[in-house]
Amino acid sequence: MIGSKGSLNADHCEKEKVVFKKITLEKLGDLVSALKEKGPLYAPVRDGKAVNFQKITKTADVTLDFYNTVFSPKFVFFPQTEDLIRYTLQKEGAQAEPVPIAASPSVILGVRPCDAKSFEIMDRHFLGAGIIDPYWKNRRDNTVVIGYAFDPAAPPDPADFYNTVGIHAADTEGSDVFMVRKDGELLLKGITKKGESLLKGLAVLDAASAQDEAFFDETIRKDRGVKTRFTEITDTAIAAKLVGSFEKQEIWEEMTASCIGCGTCTFVCPTCYCFDINDETLFRKGARKRFWDACMFTDFTLEASGHNPRPRIFQRYRQKVCHKYSYHVTKYGCISCVGCGRCTRSCPVNIDIFSIVEKVANL
Amino acid sequence: MQNPYIPMPVEVVNIVTEVDTNDIKTFRFAFVNKEDEERFQYLPGQFAELSILGKGESPIGIASSPTQKGYIEFTVQRVANLSGGIVTAALHDLEVGARMGVRGPLGNSWPIEYLEGKNVVVVGGGFAFTTLRSLIHYMLKEENRSRFGDINVIYGARTPGLLCYKEELAAWEKRKDIRMHVTVDKRDETWTGREGFVPTVCREIAPSAENSVAVICGPPVMIRFTLPVFFELGFSKENIYTSLEMRMKCGIGKCGRCNVGEKYVCKDGPVFSLAELDTLTREY
């Protein structure tokens, strides 16, 4: 199970009046417009075959007909590239200005339960341990997450395995507002104070009935039964198993033999947070930037001396799996994986991380 | 909130070329802003990110001691090659008066509290002596000296010309409260001191393991041959400390690069006892 008491639970709404609203799907555009007025809105947008979260400029772009996005919504808090300092190089040194951290309140609409949970896992790393990352903190504090239950009628994607890490298809944890689809309607319930106050300020919403509330609760109850895979893994057991398997090189080589080290799995992952910091200069103007990076790349640990502690792919893949399912458990008390299945769906050589974890669990 | 990714401005106030190959220099920086100097409270063994805009950042051990007020020093080797070294090359091209940035102090330190009341054996090889130099300065400071027992220093380089901090070594040789054993792998006509590899010298001197801690920093080959000597002398793994190197970026345990097992070398290290290293996954 992923740690049960996240930080958001503290301001989970008490027994007092719950804020419960609804809107018909035909009026989705009105809801989107109303949310857009509150600040930048990120929501799922269809682009060809893929659906991805984007900053919304046109209300009509938003779709709620999707299974899950190709990229995770982590970029809202942790963009793929971001300027930390902008500078101009001069003869007598550099003129430099730190880039202010944008703090406008924003909303993410339509986040699947596994992704909502991923934000809480990332909080433990960026906010919960040692120095606080000001970029993550600022955006996290100013963003309302509107979660969106998986459709219980549609079968789960075979790559998913969120149930095995303790997340349900209609899990409200990690969301500020949670959304369930009922025929032609969307039911929205406030989960945190932040979510409740957002809902209260949206005049486009109608009040929901007791019947709606019963449907909402029933969906959540029923969705606990949706199984994606069938091996239950527990944090501490898998953490210990992985440490034990570390030196069994032949097993790791065999399991990762087809990996080409492209790093796609880490870029689509909602809980991969490794980054690089580099300076990019063009004609004396430039910026110190941070970029997503990946432990799957050869040069990730390559030192200036030429020494590389992880020159081979199986070593890097083993690092990825051990980091997510073992080191993260020891360090932060939970697995750093939400079972969203993105890495498996996007892998060009069909490696399934859960099969690897399963294999190690059964060693 | 102080942004941990933004460096503090410093000015290069002195540059010393340490070795006859000219590729190792000690840079002395003064903080441009007084409040940054006060914020930069460090202990021997910690490191900082040296920042040159347009080039990048490089994690380097602090070579000065917090007992030396008004400046910080870093001894840096120029390692420009295909896999990196952009920052160190740019640093070596700087002149006195140049402005750049420092981000830190970062990481843990040599175990100062643990060393108190104990004899300390300092073992260094080549230019990895930098944070050990910081430690020696710290322990030798009048108000600190009585907190530590006997201090033995074994320091070696390949040739006499490759020894760093030559004037300080000579000054320490003259003192009664520290025993210096400086050695070179291969002597030349200028050298009247000891000749021999660091592990061999350690065996000859044979410091007692009784109430003693060994603090070792050097190239991997030196460490590989030195450790068995200390085990033979009866030093436990809890009483041997070393400092790790690894590629780093953020220096604050966020970017994931220096992750080994459940540790981040930048935040949980770089200083570890051998007992602690034994619990990490065997990757290095």
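Everything that follows concerns the structure shown earlier in this document.
Only a predicted model underlies this, so the values are computations on that prediction, with no experimental measurement involved.

Draft legend 1. View of the interface of chain A and chain B. Residue-level contacts link 48 residues of chain A with 39 residues of chain B. Between chain A and chain B lies a buried interface of about 3600 Å² when both sides are counted; carbon and sulfur atoms form 57% of it. Our enumeration of links across chain A and chain B arrives at five salt bridges. We note a salt bridge from D268(B) to K331(A), for which the minimum N-O separation is 3.4 Å. For the interface between chain A and chain B, the tally reads 28 residue pairs in polar contact (both at pLDDT 80 or more). Elements with a contribution of two residues or more to the side of chain A that touches chain B: β4 (81-90), β5 (93-98), α2 (113-126), α3 (134-141), β11 (275-282), β12 (285-292) and α9 (313-332) of chain A. Per-element tally for the side of chain A that touches chain B: the top contributor is α9(A), with seven residues.

Draft legend 2. Expanded view of the sheet that holds strand β9 (residues 179-184) of chain B. Residue and element names in this part refer to chain B. Strand order in the open sheet made by the seven strands is β10-β9-β8-β7-β11-β12-β15, with mixed pairing throughout. The outermost strands of the open sheet, each flanked by one partner alone, are β10 (194-195) and β15 (271-273). Pairing analysis gives three bridges linking strand β11 (residues 212-217) to strand β12 (residues 240-243), with the strands arranged parallel. By the bridge assignment for β12, A214 is matched with I240. Packing of helix α4 (residues 130-140) onto the sheet brings it into contact with β7 (119-125), β8 (151-157) and β11, and relative to β7 it is tilted by some 150 degrees.

Draft legend 3. Spotlight on the packing of helix α6 (residues 235-245) of chain A against helix α11 (residues 353-361) of chain A. All names here are of chain A. Contact geometry for α6 and α11: axes closest at 9 Å, N-to-C directions at 80 degrees. Put simply, α6 runs roughly perpendicular to α11. Residue-level inspection shows I238, K241, L242 and S245 of α6 in contact with α11, the latter providing V357, V360 and A361.

Draft legend 4. Examining α9(A) more closely. The largest bend in α9(A) is about 50 degrees, located at H323(A). G333(A) lies just past α9(A) and shows a positive phi near 80 degrees.

Draft legend 5. Representation of the side chain of R112(A). Residues and elements named next belong to chain A. Mapped onto the elements, R112 comes out in the loop between β6 (106-111) and α2. One buried charged residue, R112, forms no salt bridge at all, with the nearest opposite charge on D115 at 7.2 Å. The contacts of R112, once residues within four sequence positions are left out, are F66, Y67, N68, Y148, A149, F150 and D151.

Draft legend 6. The arrangement of helix α7 (residues 198-205) of chain B in detail. All names here are of chain B. Three or more residues of α7 are buried, namely V198, P199, V201 and C202. Seen end-on, α7 carries its buried residues on one side only, within an arc spanning 160 degrees. Looking at the buried residues of α7, the elements they touch are β7, β8, β9, β10 and α8 (220-232). The first or second residue beyond α7 is A206, which carries a positive phi of 45 degrees.

Calculation rules
Residues numbered from 1 in each chain as written. Chains lettered and ligands numbered in written order. Predicted model: local features only at pLDDT ≥ 70, side-chain atom pairs only at ≥ 80, totals over all residues. Heavy atoms only, no water. Contact = heavy atoms within 4.5 Å. Buried area = accessible area lost by both parts, 1.4 Å probe. Salt bridge = Lys/Arg side-chain N within 4 Å of Asp/Glu carboxyl O. Polar contact = N/O pair within 3.5 Å; in protein donor to acceptor, adjacent residues only side chain to side chain. Helix = DSSP H or I, 4+ residues; strand = E, 2+ residues; numbered from the N terminus. Pairing = 2+ DSSP bridges. Axes fitted to C-alpha atoms, helices over the stretch in contact; angles between N-to-C directions. Parallel < 35°, antiparallel > 145°, perpendicular 65-115°, else oblique. Bend = angle between axes of the 7 residues up to and from the residue. Buried < 20%, exposed > 50% of the residue type's maximum accessible area, 1.4 Å probe, protein only. Lys, Arg positive; Asp, Glu negative; His and termini not counted. Arc of directions from axis to C-beta.

Interpretation note: all reported values are geometric properties and have no functional meaning in isolation.
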